[in-house]
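Tertiary structure, described
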Amino acid sequence: MTTMHPPVPDEELEVPLEARFGPYGRMLLAVCKAAAVTGSLIFTALVLMSIISITGRKIWSAPVPGDVELLQMCAAFAAANFFAYCHLNRGDVKVDFFTDQLPLRAVHSLDAIGSLLIGLFGALIAWRTGAGAGMLQSAGETSMILGLPLWIGEALMVPGFVLLAAAGFYSCVWHIRRAVSRGIQ
Amino acid sequence: MSGIQSGLILFGILMLLLLVRIPIGVAMFMVGAGGYVAFTGGDWTPLLNSLKNLAYARLSNYDLIVIPLFLLMGQFATHGGLSRSLFKFVSAFMGHWRGGIAMAAVGACAAFGAICGSSLATAATMGQVALPELDRAKYSGALATGALAAGGTLGIMIPPSVPLVIYAILTQESIGKLFMAAIVPGVIAMVGYMAVIQLLVFWKPALGPAGPRVAWADRLKALVVVLPVLFVFVVVIVGIYGGWANPTEAAAIGAAACGVLAVGGGMRWKGLMDTALGTAQTTAMIFLVLLGADQLNTALALSQMPTELALWVKGSGFPPLLVMIAILVVYILLGCVMDSLAMILLTIPVFYPVVMGLDFWGLGQTEKSIWFAILALMVVEIGLVHPPVGMNVYIINRLAKKVPLTETFKGVVPFLLSDFIRITVLLFFPALSLVLVRTFQN
């Protein structure tokens, strides 16, 4: 699995993210980073829970009750938190071979379109997942063992995708600015 | 319009989008969503309804959670300095041979691959550790960087391996069996790379001078440091295959063990932050493509293209081996421009039914599926080292500031040859991929 950063070293990649963005971008980045770290912490907590559960099951035949349910719900929440940071950090997997030789302006213009689409995707998924949560809530379904309301799992993912939308739209504007700025060839 | 035609149209549009740098996940999603609307009679409502559950169904999939956990494990290993002790260990045993330090780098890559499922991470972390040593020992730049770029691919060839997890999820195959099957081919790859180094220094001794011999006491000391890594590998692989932990649990154990090793080895605040952000980045990268692939595969299934294509190939009378070789060639070509995981996600839903419909040496369905997984893994992996994209090559080259890029690309050529030889051997001798699975049938 790879980050497909442009093989031709993009001198901007050497600059830390913070230095590339303006004040709003830095604020957005801070939120995205916080979301990403939170997600990783949740996964770490899930690792601990799994270990307690495995030990409990093997030794005392007593796993953590509802461990699978918790794992699924929390993992979905945590993973949703990762997307926005990945996009701001230019982690998208893309084919850049055919466009490497283009002038930087053109590359930024194309990336602006890519970011716009990412933003729209984030917004669409946030909207639909929210709708899904609403549907589950009115149906009142709960999980098998712990009796957790199922809509919570979906609802927890919405902020992550809203953040992805924000990251996409912000990057789009950022790329457009680079594409039209004078300093760029 | 036939299924094959509509499928081809979808792929054509997708390729156009990819050509202009649209992120693969979103491009797949758009084409998939468009196809879905077209195949359900131009009505948007079914699509919007199905999207209500797309993200949650995917991201809460129990088998899929294994991926972030393996990535977390690999990130701990990467930022926790485990690569250094592994390299020291192998180097203590091989460093005094001609070419031995480069062989040690390959061996250490393989060992690192046993706790990390990613090729780039393996190349990058081993490169940081081994390149300065190779430079100090006056190794040629081409050999040093070539060996590391190729060695990095052992990261995904030796289980745990993220592409194999994806393959398993796409085809309902057992992750444990795939991991077991990958061990022998992975070891063959490592031995092949080491043999290449031996041949090169035999031909031109100046490429890789011998280093000083290390005393046995120091070798044993180096061994003690890496024993926990071996332990983690055995727990994860045997745990999954032996059936006393499912893959997700085994990955959790592995992640915890690597976390303990990393923190015990001196990882502090910065390392932990890098681990957290690295896990976020790599997971999101993969999951975004997965979400897109899900949508695309739904549309492809509606178009009937995979089934029709499989039937057509089966009925066409092409020799199965020729079909397989054609598939492998497609992978090599796609590998010129595309990321390995994206390739697996994009092609397996189409190629898998084709392969399963053909007869290869009378293999059973499960064995055929395992064997194809290993072959596909091997060919997508070489995309990481061959031009023009060869991400491993760029990463190693960026680390080795003194070596020109052309030297590095020249350096990987002999290793690529060994890759092609290995793939041919695995193609004609499926038993190599299946031997462990057959032996430890449970």
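Residue positions are given per chain, counting from 1 as you read along its sequence in written order. For naming, the first written chain is A and the first written ligand is 1, with later ones following in the order written. The predicted nature of this model means local features are confined to residues of pLDDT at least 70 and side-chain atom pairs, given and counted, to a pLDDT of 80 or more, with totals for whole chains, interfaces and linings taken over all residues. Neither water nor hydrogens contribute to the side-chain values; these are computed over all heavy atoms in the structure.

Re the interface of chain A and chain B
Where we set the bar: The contact definition used throughout considers only heavy atoms, calling two residues in contact when any of these lie within 4.5 Å. Two parts placed together each lose some accessible area under a 1.4 Å probe, and adding up what both lose gives the buried area. In the sections that follow, a salt bridge refers to a side-chain nitrogen of Lys or Arg positioned within 4 Å of a carboxyl oxygen of Asp or Glu. Nitrogen and oxygen atoms within 3.5 Å of one another constitute a polar contact, given that in protein one can donate a hydrogen and the other can accept it, and given that sequence-neighbouring residues count only through two side-chain atoms. Secondary structure elements follow DSSP: runs of H or I of four or more residues count as helices, runs of E of two or more count as strands, with numbering from the N terminus. Under this grouping Gly is polar, as are all residues other than the nonpolar Ala, Val, Leu, Ile, Met, Phe, Trp, Tyr, Cys and Pro and the charged Asp, Glu, Lys and Arg.
Facing 63 residues of chain A, the contacting portion of chain B comprises 63 residues. Each partner contributes to the roughly 5900 Å² buried at the junction of chain A and chain B, and carbon and sulfur atoms together form 76% of this total. Counting across the chain A and chain B interface gives two salt bridges. Among the salt bridges present, the one from Arg21 of chain B reaches Asp111 of chain A, with a minimum N-O distance of 2.9 Å. Here chain A and chain B share eight residue pairs in polar contact (both at pLDDT 80 or more) between them. Looking at the side of chain A that touches chain B, the elements with two or more residues in it are helix H2 (23–60), helix H3 (67–80), helix H4 (83–88), helix H5 (104–139) and helix H6 (150–180) of chain A. Broken down by element, the residue count for the side of chain A that touches chain B peaks at 16 residues, all from H5 of chain A. In terms of residue class, the side of chain A that touches chain B is made up of 39 nonpolar, 14 polar and ten charged.

Comments concerning the packing of aromatic side chains
Cut-off, in case you're wondering: In summary, the pairing rule links any two rings of Phe, Tyr or Trp, Trp by its six-membered ring, whose centres are within 6.5 Å, and it sorts them by plane angle into stacked for under 30 degrees, edge-to-face for over 60 and tilted for everything else. Relative accessible area decides the class of each residue, using a 1.4 Å probe on protein chains only: under 20% of the type maximum gives buried, over 50% gives exposed, and in between gives partly exposed.
For the structure on display, the rule yields 17 aromatic pairs over all chains. Ring centres of Phe21 of chain A and Trp174 of chain A lie 5.9 Å apart, and the angle between their planes is 90 degrees; this geometry places the pair in the edge-to-face category. Of the two residues, Phe21 of chain A sits in the loop between helix H1 (17–20) and H2 while Trp174 of chain A sits in helix H6, which places them 153 residues apart along the sequence. Just as Phe21 of chain A is buried, Trp174 of chain A falls in that class too. Ring centres of Phe121 of chain A and Phe29 of chain B lie 4.8 Å apart, and the angle between their planes is 75 degrees; this geometry places the pair in the edge-to-face category. Taken together, the positions of Phe121 of chain A in helix H5 and Phe29 of chain B in helix H2 (residues 24–39) put the pair across two chains. We classify Phe121 of chain A as buried; its relative accessible area is 4%.

Observations regarding the nonpolar core
Defined as follows: Think of a nonpolar core as a cluster: buried Ala, Val, Leu, Ile, Met, Phe, Trp, Tyr and Cys residues, connected wherever their side-chain atoms sit within 4.5 Å.
The biggest cluster of nonpolar side chains holds 228 residues, and the ones touching the most others in it are Phe161 of chain A together with Ile67, Tyr331 and Phe372 of chain B. Residues in contact with Phe161 of chain A, not counting those within four places in the same chain, are Ala80, Phe83, Gly122, Ala123, Ile125 and Ala126 of chain A together with Ala55, Leu59 and Leu291 of chain B.

Re the confidence of the model for chain B
Heads up, the condition is: Across the chain, each position has a pLDDT score giving the predictor's confidence in that residue, from 0 to 100.
Scored by pLDDT, chain B has a mean of 90; 100% of the residues are at 70 or more. Interface scoring of the predicted complex returns ipTM 0.91; its pTM is 0.90.

Thoughts on the pattern of salt bridges
For the coordinates displayed, the defined rule picks out twelve salt bridges over all chains. Note that Glu133 of chain B is salt-bridged to Arg136 of chain B, the shortest N-O span being 3.5 Å. With a gap of three residues between them, Glu133 of chain B and Arg136 of chain B both fall in helix H7 (residues 119–136), about one helical turn apart. Judged by its relative accessible area of 31%, Glu133 of chain B falls in the partly exposed class. One salt bridge in this structure joins Arg422 of chain B and Asp419 of chain B, with 2.9 Å as the shortest N-O distance. Here Arg422 of chain B pairs with Asp419 of chain B, and both are found in helix H20 (residues 405–428), just three residues apart, close to one helical turn. Per residue, the accessibility class of Arg422 of chain B equals that of Asp419 of chain B, and both read buried. Beyond isolated ion pairs, a larger network of salt bridges with shared partners links Lys94 and Asp111 of chain A together with Arg21 of chain B.

Remarks on a nonpolar patch on the surface
Inclusion rule: Candidates for patches are residues over 30% relative accessible area with no salt bridge; among them, like charges are joined within 9 Å and nonpolar side chains (Val, Leu, Ile, Met, Phe, Trp, Tyr) within 5 Å. Under the convention used here, a 1.4 Å probe and the Shrake-Rupley method define accessible areas, while residue burial counts only the protein chains that appear.
On the surface, a nonpolar cluster with roughly 430 Å² of combined accessible area is contributed by Phe97 and Phe98 of chain A together with Leu16, Leu19 and Val20 of chain B. Tracing the chain through its elements places Leu16 of chain B in helix H1 (residues 3–19). On the accessibility criterion, Leu16 of chain B (57% relative accessible area) is exposed.

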